[in-house]
Amino acid sequence: MKHLLSIEKLARADMEYILAAAGAVKQQRGHELTQPLAGQTWPLIFSKSSTRTRVSFEVGISELGGRPMFLSAADIQLGRGEPIKDTARVLGRMVHGAVIRTFAQRDVEDFAQFSGIPTINALTDDEHPCQILTDIFTFEEKRGPIAGKTVTFIGDGACNVANSWIFAAAKLGFELRIAAPKAFQPTAELLERAGGKISCTEDVNAAVSGADLIYTDVWVSMGKEAEAAARLEQLAGYQVNQALVRRARPGALVMHCLPAYRGKEIDEETFEANAATIFTQAENRLHVQKAILNWAVA
Ligand code: CP
Ligand code: NVA
């Protein structure tokens, strides 16, 4: 039984397998030779908003022959307090796999354990594995192997997307620099768990110097809305803009997982100058997640 619960728990070999498979999946779109999800129903159980993840999984499951079933947590009994382990035991008897977006990482892990069906983390407070697999695929599509390269993450260095980058760094052998205020840097315990070549600093200029990839994400993640004003104030000096990009390696890529808030984590000019990369990143969610689904049911 295969699950994609986190980058932390994903074996390096599986990560490399998915990344290697995604290119062919992208090329063969519309001419798929097999339908590995034929006859299967896959619910998407979402407790948070989504544009890219929802649409790419619904389209991807359909293109692989399966039937996606979107279940907003607010519309099922889960939203009224039915335990995740009971929801998992019911759905496990009816459907063939599940894609879950929620708050607690523990909920995705409990679902996988109690349902007995392949379970995919579509974002939790701790990780966003589908996003990071896609980001790495997109980088490698444009620049070749990420091993030996330098990635600089700027902004909320303690968010789910940053965490997944942290666990990817040691597995794929790239350097990761995190530029964030102290309060938004990952804990020493997490960095120790991840291993690899990772540094944290409040000096954004030093962090981007010579970088091959500059990456940012929203300053106010879903679930953190009550902290919005304080976050915007504390993170104000961590915007990705043209002056910063000029300090990176010439030809450095700028990526954003989206949605983007112009004038906050990135300015309009820098966003639009890098729109081709950013929207390829968004498109690649579809191809990489189809590779993840193929891997999960193989
Ligand atoms: N990047 C991402 O996961 O986008 P959505 O929240 O729209 O799914
Ligand atoms: N860190 C962001 C990612 C959105 C795709 C959030 O959790 O809201």
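The structure presented is a predicted model; accordingly, all values stated were derived computationally and were not measured. Throughout this description, residue numbers start from 1 for each chain and increase along the sequence as written. Chain A is the first chain written and ligand 1 is the first ligand written, with later ones labelled in order. A pLDDT threshold of at least 70 governs which residues receive local features in this predicted model, and a stricter bar of 80 or more applies before side-chain atom pairs are shown or counted, although totals over entire chains, interfaces and linings include all residues. Only hydrogens and water are set aside when side-chain values are computed; all heavy atoms of the structure are taken into account.

A.B. asks: What's the story with the overall build of the protein chain in this structure? I'm lost.
C.D. replies: The helix and strand tally for the protein chain stands at 12 helices and 9 strands. The reference for a compact globule is 2.2 Å times residues^0.38; the radius of gyration itself is calculated from the C-alpha atoms. Its C-alpha atoms give the protein chain a radius of gyration of 19 Å, near enough to 19 Å, the size a compact globule of 298 residues would have. Viewed in the frame of its principal axes, the protein chain has a C-alpha envelope of about 55 × 40 × 35 Å. The contact rule is simple, with two residues in contact once any of their heavy atoms fall within 4.5 Å. Nonlocal contacts in the protein chain, meaning residues at least 24 apart in sequence, comprise 75% of its contacts between residues at least 6 apart. Only the protein chains shown count as covering a residue, and every accessible area follows the Shrake-Rupley method with a 1.4 Å probe. Summed over all atoms, the accessible surface of the protein chain reaches about 12,600 Å², with 50% contributed by carbon and sulfur. Positive residues here are Lys and Arg, negative ones are Asp and Glu, while His and the chain termini are left out of the count. To locate a charge, the coordinates of NZ of Lys, CZ of Arg, CG of Asp or CD of Glu are taken. Side-chain charges of the protein chain comprise 32 positive and 35 negative groups, with the mean position of each set lying 3 Å from the other. In this description a helix means any DSSP run of H or I spanning at least four residues, a strand means any run of E spanning at least two, and both kinds are numbered starting from the N terminus.

A.B. asks: What should I look at first to understand helix H12 (residues 275-297) in this one?
C.D. replies: The span one expects for a helix is its residue count, reduced by one, times 1.5 Å. Compared with an ideal rise of 1.5 Å per residue, which puts 23 residues at 33 Å, H12 spans 34 Å between its outermost C-alpha atoms and is within 8% of the ideal. Residue asparagine 284 marks the point of greatest curvature in H12, where the axis turns by about 30°. Where burial is concerned, most of H12 is hidden: 17 out of the 23 residues are buried. One axis fitted to the seven residues ending at a residue, another fitted to the seven starting there: the angle between these axes is the bend at that residue. In this scheme, a residue with accessible area under 20% of its type's maximum is buried, one over 50% is exposed, and one in between is partly exposed, where area comes from a 1.4 Å probe on protein chains only.

A.B. asks: For this particular structure, what's the right way to read the packing of helix H1 (residues 12-27) against helix H5 (residues 129-143)?
C.D. replies: Geometrically, a packed helix pair is captured by the angle between its two axes and the distance between the axes. One can describe the packing of H1 onto H5 by two numbers: an axis separation of 10 Å at closest approach and a directional angle of 65°. Once H1 is placed against H5, the crossing between them reads as right-handed. Here Met15, Ile18, Leu19, Ala22, Gly23 and Lys26 of H1 lie close against H5, whose contacting residues are Leu133, Ile136, Phe137 and Glu141. Its residues placed into classes, the contact of H1 with H5 shows 7 nonpolar, 1 polar and 2 charged. Here an angle of 0 to 180 degrees is reported between the N-to-C directions of two axes, which are lines fitted to C-alpha atoms, with helices fitted over the stretch in contact. For any pair of crossing helices, the crossing counts as left-handed if the nearer helix is rotated counterclockwise from the farther one by less than a right angle, and right-handed if it is rotated clockwise. Residues are grouped as follows: Ala, Val, Leu, Ile, Met, Phe, Trp, Tyr, Cys and Pro are nonpolar; Asp, Glu, Lys and Arg are charged; every other residue, Gly included, is polar.

A.B. asks: Help me understand the site of ligand 2, please; the structure alone is not making it clear to me.
C.D. replies: Residue proximity to a molecule or strand is established when one non-hydrogen atom of the residue lies within 4 Å of it. Neighbouring residues of ligand 2: Leu123, Asn160, Asp217, Val218, Ser221, Met222 and Leu258. We define a polar contact as two N or O atoms separated by no more than 3.5 Å, with the added condition that, inside protein, one atom must be a possible hydrogen donor and the other a possible acceptor, whereas residues neighbouring each other in sequence contribute only through side-chain atom pairs. Contacts to ligand 2 include asparagine 160, whose side-chain N or O atom sits 2.8 Å from a nitrogen atom. The separation between an oxygen atom of ligand 2 and a polar main-chain atom of methionine 222 is 2.8 Å. Contact with the protein chains hides 94% of the accessible area of ligand 2, taken as 270 Å² for the molecule alone. Detection works on a 1 Å grid of protein atoms alone, calling trapped sets that fit a 1.4 Å probe cavities and calling open sets with protein on both sides within 12 Å along at least five of seven lines pockets, with lining residues defined by an atom within 4 Å of a point. Pocket or cavity membership: a molecule qualifies when more than half of its atoms sit within 2 Å of the grid points of that site. The cavity that encloses ligand 2 is the largest pocket. Its residues placed into classes, the shell around ligand 2 shows 4 nonpolar, 2 polar and 1 charged.

A.B. asks: Could you clarify how one ought to interpret the layout of surface pockets in this entry?
C.D. replies: Gaps left between atoms are located by rolling a probe of water-molecule size over the structure's atoms. Grid points are joined across faces, edges and corners, and a volume is the space filled by probe spheres set on the points. Estimated volume of the largest pocket: approximately 490 Å³. Forming the boundary of the largest pocket are 28 residues, of which Val218, Met222, Leu258, Pro259 and Tyr261 lie nearest the centre. Contributing elements (two or more residues each) for the lining of the largest pocket: helix H2 (52-63), helix H6 (160-172) and helix H9 (228-234). Along the lines of polarity and charge, the residues of the lining of the largest pocket split into 12 nonpolar, 8 polar and 8 charged.

A.B. asks: Would you mind showing me how to read the site of ligand 1 here?
C.D. replies: All residues adjacent to ligand 1 are Ser50, Thr51, Arg52, Thr53, Arg101, His128, Gln131, Cys257, Leu258 and Arg285. Within the side chain of threonine 53, a nitrogen or oxygen atom sits 2.6 Å from an oxygen atom of ligand 1. A distance of 3.1 Å is found between an oxygen atom of ligand 1 and a side-chain nitrogen or oxygen belonging to arginine 285. Out of a free accessible area of 260 Å², ligand 1 has 95% covered by protein chains. Most atoms of ligand 1, that is more than half of them, are within 2 Å of grid points of the largest pocket. The residue inventory of the shell around ligand 1, partitioned by class, reads 2 nonpolar, 5 polar and 3 charged.

A.B. asks: Would you mind showing me how to read the pattern of salt bridges here?
C.D. replies: Any two side chains of opposite charge can pair, given that their charged atoms come close. What counts as a salt bridge is simple: a side-chain nitrogen of Lys or Arg found within 4 Å of a carboxyl oxygen of Asp or Glu. All chains considered together, the criterion is met by 19 salt bridges. Here arginine 54 ties to glutamate 58 by a salt bridge, and the two come within 2.9 Å at their closest N and O atoms. Here the residue arginine 54 and the residue glutamate 58 both occupy positions in helix H2, the gap between them amounting to 4 residues, near one helical turn. Assessed through its relative accessible area of 31%, arginine 54 is described here as partly exposed. Take glutamate 58: its relative accessible area is 23%, and that puts it in the partly exposed class. Lysine 182 is the partner of glutamate 202 in a salt bridge, and the nearest nitrogen-oxygen pair spans 3.9 Å. Of the two residues, glutamate 202 sits in the loop between strand E7 (198-201) and helix H8 (204-208) while lysine 182 sits in the loop between strand E6 (175-179) and helix H7 (188-194), which places them 20 residues apart along the sequence. You can call lysine 182 exposed: its relative accessible area is 60%. Residues joined in a network through salt bridges with shared partners are Arg29, Glu32, Glu63 and Lys290.

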